Amino acid sequence: MLYDIRLHLSYDYDAAAGGGRHQVRVLPPTTAGVQRVVAASLSFTPAPGERSDFTDFFGNNVTSLAFRDAHDALDIRMSARVSVSRPEPGLDVSPNLQRLREELGGVRSLAPDSPHHFLAASDHAGIDAAITAYAKDSVAGSTVATVMDLCNRIQRDFTYDGKATTVQTRASDAFALKRGVCQDFSHIMIAGLRGLGIPAGYVSGFLRTIPPKGKPRLEGADAMHAWVKAWCGRDAGWQEFDPTNGMRASNDHITVGYGRDYSDVAPIVGVLKTTGGQAAEQAVDVIPVMLEKV
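This section reports on the structure supplied with the text. For clarity, every value in this text was computed on a predicted model and none was experimentally measured.

1. Points about the overall build of the protein chain
Along the backbone of the protein chain there are 6 helices and 15 strands. The globule rule puts the C-alpha radius of gyration for 294 residues at 19 Å, and the 20 Å found for the protein chain is close to it. Overall, the C-alpha framework of the protein chain stretches about 60 × 55 × 40 Å when taken along its three principal axes. Classification of the 294 residues of the protein chain by burial places 48% in the buried group. Between the averaged position of the 30 positive side-chain charges in the protein chain and that of its 33 negative side-chain charges there is a distance of 3 Å.

2. Things to note about the layout of surface pockets
Empty space within the largest pocket amounts to approximately 1200 Å³. What lines the largest pocket is a set of 42 residues, and nearest its centre among them are Val167, Gln183, Tyr262, Pro267 and Gln282. When residues of the lining of the largest pocket are traced back to their parent elements, those giving at least two are strand 1 (2–17), helix 5 (182–195), strand 9 (200–207), strand 10 (224–231), helix 6 (262–265), strand 14 (268–272) and strand 15 (278–288). If one sorts the elements of the lining of the largest pocket by residue count, strand 14 sits on top with 5 residues. Grouping the amino acids of the lining of the largest pocket by side-chain chemistry returns 23 nonpolar, 15 polar and 4 charged.

Rules behind the numbers
- Residues numbered from 1 in each chain as written.
- Predicted model: local features only at pLDDT ≥ 70, side-chain atom pairs only at ≥ 80, totals over all residues.
- Heavy atoms only, no water.
- Helix = DSSP H or I, 4+ residues; strand = E, 2+ residues; numbered from the N terminus.
- Rg over C-alpha atoms; globule rule 2.2 N^0.38 Å.
- Buried < 20%, exposed > 50% of the residue type's maximum accessible area, 1.4 Å probe, protein only.
- Lys, Arg positive; Asp, Glu negative; His and termini not counted.
- Charge placed at Lys NZ, Arg CZ, Asp CG, Glu CD.
- 1 Å grid on protein atoms, 1.4 Å probe; cavity = no way out; pocket = protein on both sides within 12 Å on 5 of 7 lines; lining within 4 Å.
- Points joined across faces, edges and corners; volume = space filled by probe spheres on them.
- Nonpolar A, V, L, I, M, F, W, Y, C, P; charged D, E, K, R; others polar.

Quick look at the structure:
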């Protein structure tokens with residue numbers, strides 16, 4: 001699938017900021033065998049006094065900004081054309097959980113994709129006794145079967161509610177509420193998998209949405225999305241699952257970044273020299289591209 005993606009983030013401050021520094025993670029990466037970025041651009045209003053672009057430890061595209069002049073708003077616009085071609089799931093060659101632990105012990109790498117980075121508790125996805133007990137009911141014959149069952153149960157047992165949580169909500173709090181958004185469901189699944197000894201991480205990105213039959217597609221109606229990657233053993237490797245929708249990640253899932261939880265891949269983090277609060281808005285368009293046959 002080929003997509004044109006547009007993201008607009010806007011921030012209006014109650015009082016003018018005298019300066020600020022931010023890191024922005026919204027540019028999709030090219031990932032081997034799954035995703036290719038054909039073209040991409042990222043712009044800011046006002047223009048920053050300093051800008052540098054780099055990749056972080058996990059390979060995510062990061063833009064670092066510094067503002068020195070007073071400004072009362074920040075406008076961020078990203079556009080990209082991205083091709084996604086995920087391989088179809090093959091035979092389940094993942095081990096059971098006991099064998100998974102043995103295979104994990106044989107991994108000596110500490111490279112960015114090493115499963116060892118994704119096994120311990122993290123800020124938003126701490127290992128919680130109640131979540132681990134919930135996850136144990138999903139244990140099946142293989143790691144993939146266990147992960148898929150937990151993914152489906154979260155989609156079935158939890159209520160999507162955009163007003164129940166915030167970006168600061170931890171997995172344990174969302175689990176107690178039994179409601180939240182994609183970020184919360186992903187953190188709950190990550191915490192549950194780690195409690196079982198399955199390395200799991202957070203994926204930030206976009207999801208193409210399809211309007212109801214006969215209804216027009218609404219501009220800006222899409223939003224950033226989150227799902228989960230799980231290490232399913234030496235042969236099965238990393239696989240991705242979407243607990244919000246109870247499914248494997250598909251060609252409609254466009255990746256922006258990988259991390260241990262939301263803290264590693266937040267769209268924007270930083271500091272401002274100002275007083276008062278701010279109002280934020282987000283709009284996303286994910287548009288399939290129809291190419292003419294020659």
